[in-house]
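# Remarks on the overall topology
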Amino acid sequence: MNAAAEAAALLDTMRSIGTPARAEGEKAYLKSDLEFAGSSVPGMRSTTRAWLRTHPDLTHDELFAVADALWAHPVHECRLAAVELLAARPQLVTLADVPWIYTTLRDCRTWALVDPLAGWVTAELAWRDPDGLLPHLDRWVRDPDFWVRRSAVLALRTLLRNDQQLDRFFGYATLLLPEKEFFIRKVIGWVLREVASRHPDQVDAWLRDHMAAMNLVTLREPLRRFPVAQAAELRARYDASRPGARRNSEG
C-alpha cells in the first residue's frame, strides 16, 4: 500500500465535497492554524468508511501508515479522518501504540481532535486493556500539557459507562479541580454529567465535598442531570461557598 497516495486521494475526496464557506467558518470557529477542506463531519466520515470498505483486510501497519500520512497534511479534516480510521478499527490499536497516541495528542492542540482520539480511540483501548493502559493515564493526568491531562479524563469514558473506575475518575477530578484552564474545568463537568446519569448519589456526594474548590464551569454540567429541586439546592450551596457570599452573610 502506498500510504501517501491513499491519504492524498482521501484529501482530494474531502475537498471535492467541501465548500469554501464551510472551510472558512470552521477555521474561524476552531481558531485553528490548520487548513480546512470544508467538508462536513458526516462527509468526512462517509469518505473514510468508504475507504475502509475497499480495504477489508487492513493490517495494523497499513492502518497507522495511512493515519500518519493523513496527519502529515496540515488539514483539519485529514487529521480527523486519521482518528476516524483508528476509531473504526479498534481491534488494530494496541498497547504498543500508546506512544503514537500520546505524541499525537500533544500535536492536536484543539478539542476537535483531542476529544475523539482520547474519548473514542484511547477509551476503547482502556476498556480492552485496562491493566496496560491505566498506568499511562495515571501519568497523563499530571502531564505538563493540559490537552494530555484532559485526555486522561476522557480516556476513562468507556470504562465509566460500564460502571468501572469511578474511584479513579473522582481521583482525577479532585486532582485537576484547582486548575484554571477552561478545557480542564469543562471536561471534569462533562464527564461528571455522564457519570451522574448512572451514579447520581456518588456525583452528588463528590460535588458537596468539593464545592468550595469548584468553578461554575465544572458545576453547571452535572447539574443538568439532577432533578430541578436538587440542582437548585446544589447551586445555592455553591453560591454560599463563595468567599464574597460568606463576607456578605457575616456583614
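Residues numbered from 1 in each chain as written. Predicted model: local features only at pLDDT ≥ 70, side-chain atom pairs only at ≥ 80, totals over all residues. Heavy atoms only, no water.

### Section: the packing of helix α9 (residues 146-154) against helix α12 (residues 182-196)
Defined as follows: Lines are fitted to the C-alpha atoms to define the axes, a helix being fitted only along its stretch in contact, and any angle between axes, read from their N-to-C directions, falls within 0 to 180 degrees. By the criteria applied, helices consist of DSSP H or I runs no shorter than four residues and strands consist of E runs no shorter than two, each listed in order from the N terminus. With respect to orientation, any angle under 35 degrees is reported as roughly parallel, any angle over 145 as roughly antiparallel, any angle of 65 to 115 as roughly perpendicular, and every other angle as oblique. We call two residues in contact when some of their heavy atoms are within 4.5 Å. The classification used treats Ala, Val, Leu, Ile, Met, Phe, Trp, Tyr, Cys and Pro as nonpolar, Asp, Glu, Lys and Arg as charged, and all other residues, Gly among them, as polar.
Interaxial distance between α9 and α12 falls to 10 Å at its minimum, and their mutual angle equals 5°. On the basis of their axis angle, the class for α9 and α12 is roughly parallel. Along its contact with α9, which presents Phe-146, Trp-147, Arg-149, Arg-150, Val-153 and Leu-154, the element α12 presents Phe-183, Ile-184, Lys-186, Val-187, Trp-190 and Val-191. Across the contact of α9 with α12, the residue classes break down as nine nonpolar, no polar and three charged.

### As for the confidence of the model for the chain
Close inspection of predicted coordinates is inappropriate in any region flagged by low pLDDT. Rule in force here: A residue's pLDDT is the confidence the predictor assigns to it, expressed on a 0 to 100 scale.
The predicted model of the chain averages 94 in pLDDT, with 97% of residues at 70 or higher. Between residues 246-251, whose pLDDT stays under 50, and residues either more than four places distant or in other chains, the model counts two contacts.

### Digging into the packing of aromatic side chains
To keep it simple, the criterion reads: Only rings of Phe, Tyr and Trp enter the pairing, Trp through its six-membered ring, and a pair is recorded when the two centres are within 6.5 Å. The plane angle decides the type: under 30 degrees is stacked, over 60 is edge-to-face, the rest tilted. Residue exposure (1.4 Å probe, protein chains only): buried if accessible area is under 20% of the type maximum, exposed if over 50%, otherwise partly exposed. Here, a charge over a ring means that NZ of Lys or CZ of Arg falls within 6 Å of the ring centre while also lying within 35 degrees of the ring normal.
Per the counting criterion, the structure on display carries nine aromatic pairs. Between Phe-170 and Trp-206 the ring centres are 6.1 Å apart and the planes differ by 25°, which places this aromatic pair in the stacked class. Taken as a pair, Phe-170 in helix α11 (residues 166-176) and Trp-206 in helix α13 (residues 200-210) lie far apart in primary sequence, 36 residues in all. For Phe-170, a relative accessible area of 10% corresponds to the buried category. Look at Phe-182 and Phe-183: their rings are 5.3 Å apart centre to centre, the planes differ by 80°, and that puts the pair in the edge-to-face class. What makes Phe-183 partly exposed here is its relative accessible area of 23%. In textbook terms, an aromatic cluster arises when at least three aromatic residues are bridged by ring pairs, as seen for Phe-146, Trp-147, Phe-182 and Phe-183. In this structure, Arg-157 is placed above the aromatic ring of Trp-190, and the distance from its NZ or CZ to the ring centre is 4.8 Å.

### Quick notes on the nonpolar core
Soluble, globular proteins show a tendency: their nonpolar side chains are buried together. Definition in use: As used in this record, nonpolar core signifies buried Ala, Val, Leu, Ile, Met, Phe, Trp, Tyr and Cys residues forming a set joined through side-chain atoms within 4.5 Å.
Core analysis: the largest hydrophobic core is formed by 84 residues, its most contacted members being Leu-70, Leu-86, Ile-101, Leu-117, Phe-169, Trp-206 and Leu-207. Top contributing element to this core by residue count: helix α7 (residues 111-128), with eight residues. Not counting chain neighbours up to four residues away, the residues in contact with Leu-207 comprise Leu-192, Met-214, Leu-219, Pro-222, Phe-226 and Leu-234.

### Concerning α7
Rules: For a helix, the expected span equals 1.5 Å multiplied by the number of residues minus one. In this analysis the local bend is the angle between axes fitted, respectively, to the seven residues ending at and the seven residues starting at the residue.
The terminal C-alpha atoms of α7, which comprises 18 residues, lie 24 Å apart, in line with the 26 Å expected from a rise of 1.5 Å per residue. Maximum bend of α7: about 30°, positioned at Thr-122. The buried fraction of α7 is high, at 13 of 18 residues.

### Quick notes on the environment of Arg-89
Mapping Arg-89 onto the fold places it in the loop between α5 (76-88) and α6 (98-108). Residue classification places Arg-89 among the partly exposed positions, given a relative accessible area of 21%. Through-space distance from the C-alpha of Arg-89 to that of Leu-63 is 8.5 Å; in sequence the pair is 26 residues apart. Those residues in contact with Arg-89, other than ones at most four positions away along the chain, are Leu-52 and Leu-63.

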